[in-house]
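Overview (structure and organization)
So the chains spell out like this:
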Amino acid sequence: MSGTFVGMPAFPKAAHDAVRDTTLRANLRHATHTIRDKRAVAVAELADWAALREAGRQIKDRTLHHLDAYLVQLEEAVTAAGGTVHWASDAAEANRIVADLVKATGETEVVKVKSMATQEIGLNEALEAEGIRAYETDLAELIVQLGEDRPSHILVPAIHRNRGEIRDIFASEMGEWGRPAPDGLTDRPAELAEAARLHLREKFLRAKVGVSGANFMVAETGTLVVVESEGNGRMCLTLPETLISVVGIEKVVPTWRDLEVFLQTLPRSSTAERMNPYTSMWTGTTDADGPTAFHLVLLDNGRTDTLADEVGRQALRCIRCSACLNVCPVYERAGGHAYGSVYPGPIGAILTPQLRGTRSELDASLPYASSLCGACYDVCPVAIDIPEVLVHLREKVAERGGPGHRLEKAAVKAAAWVLDHPAALAAGERLASRTRALHPKRLPGPGASQWTESRDLPEMPAEPFRDWWKRNRT
Amino acid sequence: MRVALFATCVNDAVHPATAVATVRLLERLGVTVDFPAAQTCCGQPQYNTGYRRETEPLVRRMARAFEGYDHVVTPSGSCVAMVRDNYPRIGRKAQAEGRGDAPAEAASSLVPRTYELTEFLVDVLEVTDVGAYFPHRVTYHPSCHGLRVLGLGERPRRLLEAVKGLELVELPGAEECCGFGGTFAVKNPDVSAAMGADKLRNSLSTGAEFLCGADNSCLMHLGGMLRRQDAPQRVLHLAEILASTEEEPFA
């Protein structure tokens, strides 16, 4: 399986296959239900959760409203602290900047901190094309990379894999990338973790260049923040001589005090922890401590366009906790790969079509990959009204027409006319009731046949309610 | 008290028994019910599929049809959620896009007086024991929009618990979506069917004779799957259980 998403089928087609993969569904069901139950407990511990959620929403909205000013302030602070800031308008520009920076060091390999931004731009593939090997060091990302697989979850990229599958990947692939897995490796978690630890340690100690993203950037001090659970990130952030951080422009917060809110809501929402085990912060460079060169690549890649959309911009509040994935009934059945993006699940369904546009069939299908049940909105720690944005994006897709939507629009217009003429509606209902003996349980044709694939159509009543009312109450 | 019944298009055309039950129930509780014939559909299917402007005439129609009533009552949480959550949005956007104030005025007029049936019973009539009799084992599926958008909470369960003879059994995973989702069931048939199948597995595991809900659109989806499986369970709208009495039992 390739690491890219280009040319993937539309969501319903991709989901069709995933739904039939019983191992995948069992893995996903077990994992998401475990995390969601733990999250509910961790959140219930805080009496002021609603206030924290509202504070997070407001901080993010205020920052986005003045994003230009905070980014300039951030650039000044990073520069003053000894770092260098680069601005990248799209994926190609960001990849070129990073590749040039690595080449300038004379190195041909980098160690990576788990980062959504670098996945979004396909950095690993771009570096490989330039003869530079990028090693993922997050355990789950390592599993994905070794398996030549794609991530399927924001926080737990290998959520679709079980222990047996991971053992097989380690045993057959680790040797290709560095230190091989020990002989006789079993699927015991401790043994798997030890194999990964030994494999990665070799890379941490050798690497001269580290590449990261960041969860937050503090404008007032130019400080970047990574929160993680394994400590691998901290190794990559502190051991190499050169550190390159690629960060989406929406990750900026104005002050240190603002972090207080997110350092409470992020770990509880994502891993159900009161506090994440490792919080690493770096501000430019420091003599005789950590990297001697620091580069910050500020990534736009569709974010400015998203910001211009009054309804859709709330997606930029996202702090990538993935709570919405873990409660989503659609994600649970379809799996992360069906979304065709590094951002799967409900947040992916609104973020991807905004960052990439809706030109491709896949991207145009994403706003419909939801039953609008609202569970995602309920758990979102920054109160992104995902259902609202989904419907808003559907409107844009429907407006443009495209395959399937022209016919749909005609049908909606016809229905709208009938529904605005109660006499016509009553006549139609009466006709449906009078001919009910002729109605089949299954129907041909698009839409109807899909409906009746797994369900019987309801039997039509002997008379519509409005006729009953006329006979009995008037 | 005089109220207007909003039957909803689904109940009118496909599940009239639910609307009839709502009328009988309310009348039994001393309420005078009117059915303004100018009503049709709240516009939710169109709106949720991405056809917002096509819903504007329906928003105006709703306001005209229910003009002059203090209470508009409907046995569908989903349609109330459409009015309460989306009508104001439709109104604001119509204004912003220069298509007049009518949808916004319709929204502000309808929102405060549109009630889902269990809200109306518990909050307005202040009754939980409606004098119903239904000697069956029942499990309850709280549909997403009633649960999350309206926050119906324990109201439906409290009403069911007060029904004489009824044994209410808890539905595992009750708060999970059944997979209907309007046009979602057509646009993503595989995922929709998988969600429905899981919901039914949970429902059948309770051994209930009836899977009760307060939204016929969800029940249409689940009932259609039950019939296809020849499963020993039927779906039934809450209003029909509450309307059932010893004198006039559920048929």
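As annotated in an unreviewed UniProt entry, chain B is (Fe-S)-binding protein from Streptomyces roseolus.

What follows deals with the overall build of chain A. Scanning chain A for helices and strands turns up 23 helices and ten strands. Relative to a compact globule of 474 residues, whose C-alpha radius of gyration would be 23 Å, chain A shows 25 Å and is just as compact. Taken over the C-alpha atoms alone, chain A extends approximately 90 × 55 × 45 Å along its principal axes. Within chain A, contacts between residues at least 6 apart in sequence are counted, and of these 74% link residues at least 24 apart. Total accessible area on chain A is roughly 19900 Å²; 54% of this is exposed by carbon and sulfur atoms. Both charge centroids of chain A, one from 55 positive and one from 63 negative side chains, sit 8 Å from each other.

Another point: helix 2 (residues 16-28) of chain B. Helical geometry note: an α-helix holds 3.6 residues per turn, so side chains three or four residues apart project in the same direction. Residue and element names in this part refer to chain B. Between its terminal C-alpha atoms helix 2 stretches 18 Å, which fits the 18 Å expected from 13 residues at 1.5 Å a residue. Among all positions of helix 2, only Pro16, Thr18, Ala19, Val20, Ala21, Thr22, Val23, Leu25 and Leu26 are buried. Glycine 30 sits one or two residues past helix 2 and shows a positive phi near 85°.

Before going further, it helps to examine unusual backbone geometry. Residue and element names in this part refer to chain A. At alanine 272, a residue that is not glycine, the phi angle is positive and equals roughly 65°. Within the fold, alanine 272 resides in the loop between helix 12 (256-270) and strand 9 (278-283). In this model, leucine 372 sits at a positive phi of 60°, which is unusual for a non-glycine residue. Tracing the sequence through the fold places leucine 372 in the loop between helix 17 (361-365) and helix 18 (375-379). On the accessibility criterion, leucine 372 (8% relative accessible area) is buried.

A separate point is the sheet that holds strand 4 (residues 114-116) of chain B. All names here are of chain B. The strand order across the open sheet formed by four strands is 2-1-3-4, and the pairing between neighbours is parallel. Only two strands of the sheet have a single partner each, and these edge strands are strand 2 (32-34) and strand 4. The sheet shows a mean angle of 35° between the axes of neighbouring strands, taken without regard to direction. Alignment of strand 1 (residues 2-5) against strand 2, held across three bridges, turns out to be parallel. Bridge pairing in strand 2 links arginine 2 to threonine 32. Packed onto the sheet, helix 7 (residues 117-124) meets strand 1, strand 3 (72-74) and strand 4 and runs at close to 100° relative to strand 4.

Glancing now at the interface of chain A and chain B. Contact residues are listed per partner, giving 66 residues for chain A and 61 residues for chain B. Between chain A and chain B, the buried area comes to about 5500 Å², and carbon and sulfur atoms account for 56% of it. Together, Leu419(A), Arg455(A) and Phe465(A) form the three largest contributors to the area buried by chain A at its contact with chain B, with a combined 13%. In this assembly, chain A and chain B are joined by 15 salt bridges. Of the charged contacts, one joins Arg20(A) and Asp190(B) as a salt bridge, the two residues approaching to 3.2 Å between their closest N and O atoms. The tally of links from chain A across to chain B stands at 30 residue pairs in polar contact (both at pLDDT 80 or more).

Turning our eyes to something else, we now look at the pairing of strand 4 (residues 209-212) of chain A. All names here are of chain A. Both faces of strand 4 are covered, namely the face carrying Val209 and Val211 and the face carrying Gly210 and Ser212. Looking at chain direction, strand 2 (residues 109-112) and strand 4 are connected through two bridges and run parallel. Bridge assignment links lysine 112 to a residue of strand 4, and that residue is valine 211. The pairing of strand 4 with strand 7 (residues 242-248) spans four bridges and is parallel. Residue glycine 210 lies in a different strand from strand 7, and its bridge partner there is leucine 243.

Residue and element names in this part refer to chain B. Look at helix 11 (residues 189-205) against helix 12 (residues 216-229): their axes get within 10 Å of each other, and the N-to-C directions meet at 75°. Classified by the interaxial angle, the pair formed by helix 11 and helix 12 is roughly perpendicular. Residues Ser192, Ala193, Gly196, Ala197, Lys199, Leu200 and Leu204 of helix 11 lie in contact with helix 12, whose contacting residues are His221, Leu222, Met225, Leu226 and Gln229. Of the residues belonging to the contact of helix 11 with helix 12, the class tally is seven nonpolar, four polar and one charged.

Relative to the helices and strands, Thr22(B) is located in helix 2. Setting aside chain neighbours within four positions, we find Thr22(B) in contact with Leu5(B), Pro75(B), Leu117(B) and Ala239(B).

Going through the model one piece at a time under the given rule, you end up with 13 aromatic pairs over all chains. Their ring planes at 25° and their centres at 5.5 Å tell us that Phe216(A) and Phe262(A) sit as a pair that is stacked. Of this pair, Phe216(A) sits in strand 5 (residues 216-218) while Phe262(A) is found in helix 12, placing the two residues 46 residues apart along the sequence. Plain terms: the ring middles of Phe210(B) and Phe250(B) are 6.1 Å apart, the flat faces sit at 90° to each other, and that makes the pair edge-to-face.

Moving on: the pattern of salt bridges. If you walk through the whole model with that rule in mind, you get 54 salt bridges over all chains. Linking Asp168(A) and Arg167(A) is a salt bridge whose minimum nitrogen-to-oxygen distance equals 3.0 Å. When the shortest N-O distance is used, the salt bridge between Arg228(B) and Asp456(A) registers 2.7 Å. Highlighted residues: Arg228(B) in helix 12 and Asp456(A) in the loop between helix 22 (448-454) and helix 23 (465-473), drawn from two different chains. Under the relative-accessibility criterion, Arg228(B) is labelled partly exposed at 21%. Judged by its relative accessible area of 5%, Asp456(A) falls in the buried class. One continuous salt-bridge network, built from bridges that share partners, spans Arg25(A), Arg29(A), Arg36(A), Glu332(A), Arg333(A), Glu176(B), Asp198(B) and Arg201(B).

The rules behind each value
- Residues numbered from 1 in each chain as written.
- Chains lettered and ligands numbered in written order.
- Predicted model: local features only at pLDDT ≥ 70, side-chain atom pairs only at ≥ 80, totals over all residues.
- Heavy atoms only, no water.
- Helix = DSSP H or I, 4+ residues; strand = E, 2+ residues; numbered from the N terminus.
- Rg over C-alpha atoms; globule rule 2.2 N^0.38 Å.
- Contact = heavy atoms within 4.5 Å.
- Areas by Shrake-Rupley, 256 points an atom, 1.4 Å probe, with all protein chains shown as cover.
- Lys, Arg positive; Asp, Glu negative; His and termini not counted.
- Charge placed at Lys NZ, Arg CZ, Asp CG, Glu CD.
- Expected span 1.5 Å × (residues − 1).
- Buried < 20%, exposed > 50% of the residue type's maximum accessible area, 1.4 Å probe, protein only.
- Pairing = 2+ DSSP bridges.
- Axes fitted to C-alpha atoms, helices over the stretch in contact; angles between N-to-C directions.
- Buried area = accessible area lost by both parts, 1.4 Å probe.
- Salt bridge = Lys/Arg side-chain N within 4 Å of Asp/Glu carboxyl O.
- Polar contact = N/O pair within 3.5 Å; in protein donor to acceptor, adjacent residues only side chain to side chain.
- Parallel < 35°, antiparallel > 145°, perpendicular 65-115°, else oblique.
- Nonpolar A, V, L, I, M, F, W, Y, C, P; charged D, E, K, R; others polar.
- Phe/Tyr/Trp six-rings, centres within 6.5 Å; stacked < 30°, edge-to-face > 60°.

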